[in-house]
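# Examining the three-dimensional arrangement
As a plain string of letters, each chain reads:
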Amino acid sequence: MSELFRNLIGGEWVDGEAVPNINPSDTNDVIGEYARATKADAQAAIAAAKAAFPAWSRSGLLERHAVLRKTADEITARKDELGRLLSREEGKTLAEGIGETVRAAQIFDFFAGEALRLAGEILPSVRPGVSVEVTREAVGVVGIITPWNFPIAIPAWKIAPALCYGNTVVFKPADLVPGCSWAIVDILHRAGLPKGVMNLIMGQGSVVGQAMLDSPDIDAITFTGSVGTGKRVAAASVEHMRKFQLEMGGKNPLVVLDDANLDIAVECAVNGAFFSTGQRCTASSRLIVTEGIHDRFVEAVTARLKGLVVDNALKAGTHIGPVVDESQMGQDEKYLAIGREEGAKLAFGGERLTRETPGFYLQPALFTEATNQMRISREEIFGPVASVIRVKDYEEALHTANDTPFGLSSGIVTTSLKHATHYKRNAQAGMVMVNVPTAGVDFHVPFGGSKGSSYGPKEQGRYAAEFYTTVKTAYTAA
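Given the structure is predicted, the values throughout are model-derived calculations rather than measurements.

### Side note on the environment of K243
Positionally, K243 belongs in strand β12 (residues 243-247). For K243, the contacting residues outside a window of four places in its chain are V139, D219, A220, I221, E466, F467, Y468 and T469. From its side chain, K243 meets the backbone oxygen of E466 in a polar contact 3.0 Å long. For K243, the side chain forms a polar contact with the main-chain oxygen of T469, separated by 3.1 Å.

### Regarding the layout of surface pockets
Its volume calculated, the largest pocket comes out at about 750 Å³. Along the walls of the largest pocket sit 35 residues, with F223, T224, G225, S226 and T229 positioned nearest its centre. Take the lining of the largest pocket: its biggest share by element is five residues, from helix α7 (residues 205-214). Tallied by class, the residues present in the lining of the largest pocket amount to 15 nonpolar, 15 polar and five charged. Lining the second largest pocket we find 18 residues, and of these L118, A119, R136, E137 and T469 sit closest to its centre. Every element with two or more residues in the lining of the second largest pocket is listed here: α1 (39-57), β7 (130-138) and α15 (465-468). With four residues, β7 is the largest single contributor of residues to the lining of the second largest pocket. Residue composition of the lining of the second largest pocket, by class: six nonpolar, four polar and eight charged.

### Things to note about helix α5 (residues 153-164)
For α5, with twelve residues, the first-to-last C-alpha span of 16 Å sits near the 16 Å given by 1.5 Å per residue. Judged by how many residues are buried, α5 sits mostly within the fold: twelve of twelve residues are covered. Within α5, the full set of buried residues consists of A153, I154, P155, A156, W157, K158, I159, A160, P161, A162, L163 and C164. Of the residues flanking the end of α5, it is G166, one or two places downstream, whose phi is positive at about 95°.

### Looking at the packing of aromatic side chains
One pass over the full model with this rule turns up ten aromatic pairs. Here F5 and W182 contribute two aromatic rings whose centre-to-centre distance is 4.9 Å and whose plane-to-plane angle is 75°, an arrangement assigned as edge-to-face. Note that F5 is positioned in strand β1 (residues 4-5) and W182 in helix α6 (residues 178-190), a separation of 177 residues in sequence. As far as burial versus exposure is concerned, F5 and W182 are alike and both buried. Taking 5.4 Å as the distance between ring centres and 85° as the angle between the ring planes, the aromatic pair formed by W148 and F382 counts as edge-to-face. With W148 in the loop between β8 (141-145) and α5 and F382 in the loop between α12 (375-378) and β19 (385-391), this residue pair connects regions lying 234 residues apart in the sequence. Residue class for W148 comes out buried when judged on its relative accessible area of 16%. Among the aromatic residues, those joined into a cluster by ring pairs are F5, W13, Y34 and W182. The lysine or arginine in question, K92, covers the ring of F150, its NZ or CZ lying 4.0 Å from the ring centre.

### Some points on the sheet that holds strand β4 (residues 17-23)
In spatial order, the strands read β1-β5-β4; together these three strands make up an open sheet with mixed pairing. Sheet topology places β1 and β4 at the edges, where each strand pairs with a single neighbour. Pairing between β1 and strand β5 (residues 26-36): two bridges, direction parallel. Bridge pairing links L4 to E33 in β5.

Basis of the calculations
- Residues numbered from 1 in each chain as written.
- Predicted model: local features only at pLDDT ≥ 70, side-chain atom pairs only at ≥ 80, totals over all residues.
- Heavy atoms only, no water.
- Helix = DSSP H or I, 4+ residues; strand = E, 2+ residues; numbered from the N terminus.
- Contact = heavy atoms within 4.5 Å.
- Polar contact = N/O pair within 3.5 Å; in protein donor to acceptor, adjacent residues only side chain to side chain.
- 1 Å grid on protein atoms, 1.4 Å probe; cavity = no way out; pocket = protein on both sides within 12 Å on 5 of 7 lines; lining within 4 Å.
- Points joined across faces, edges and corners; volume = space filled by probe spheres on them.
- Nonpolar A, V, L, I, M, F, W, Y, C, P; charged D, E, K, R; others polar.
- Expected span 1.5 Å × (residues − 1).
- Buried < 20%, exposed > 50% of the residue type's maximum accessible area, 1.4 Å probe, protein only.
- Phe/Tyr/Trp six-rings, centres within 6.5 Å; stacked < 30°, edge-to-face > 60°.
- Lys NZ or Arg CZ within 6 Å of the ring centre and 35° of its normal.
- Pairing = 2+ DSSP bridges.

Here is the structure:
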């Protein structure tokens, strides 16, 4: 019988139905048994967070700083161990798992510093003898719902600012990847958080997630996941007049112009589209290539894909790990069939692979002769699948890049300062990349998109304060 990793509610570890956490690189490997929370557990966690809020929201800056700093230090010290856990449960390569773990530590370190930099404004009033103070205060109980594709970084960039600004937290991680989330919460708990400030409820979205949406005692919800679920979060939040923040994916373009450095273009395309098994909301799933470089680009990308090793995420030399589970594999294969039916040419890959250990291995797939009207060019696949769309010139490339309901990340590869400058200004996305992959962002600057990709204030960096705090204006007559 393996150890049961329990939920944290009101400062106590609480039992629940044991659910195995399975390694997608080796389905015989059970990482651990994780307790599934009930609706009653979720309600108890919300009550505990509400009770803890008054004291924590007025806690000293050094207390918050110390907790966040200790958390950053422990994650850093355990980066190899936690990175390995991440790779086992999600399927990223070990290098990617360790890299994401380091990023989580950097996020906690950043917000440890922000806890000491909280500031407001003192302004003169238009009325003589009156002063005005503008300050930020914690929102209250924050519900956090995170996806499976970044199981330590996304929880970090939501939990750290929530605690930094004095909020209490009810945290529901993705059911597929509870391990890293449990580890973060355990570290925070041991770092000295008062009871009820941090609550972990692992389990099904239809049960614990719905209990969070239904509760009038959740003051704000931050969510990363699918468009459909995001709309449900929005509708439920409007009902309760609570703040909500949504990150819901993308169909990100990478434009490659005739004047591009071919090596850079190939690196940006392959890294952005296929690394992390393409399971990134910022992945370059549409490769929009002008006709003068199109054939050379396709040939070079295909050659690079042939050299990539798809295997167990923990194995040395692996470039791409498995798809996260059988359900996601089925979705990838469905879109591979749709692409063929729509008339796109499968130029490379798309086959299930067999490896030494049983897992969900898929050869990276590259479509050519795609159009921007095909479903494979309009709907998020969330796997190692990319489509090449041939265009005539920069103007058509820009129009095609913007012709999407999403607007998260948008990239261009060019040596033209004129085109790069114009693209940065006119790309309809929250983040624009020039000669770098569309996937891959810094931890200290805003993250988020436009159109159907995001709603609400941006995440990360100092801009996180826009969501996790409310502004108060106070007038004083001398």
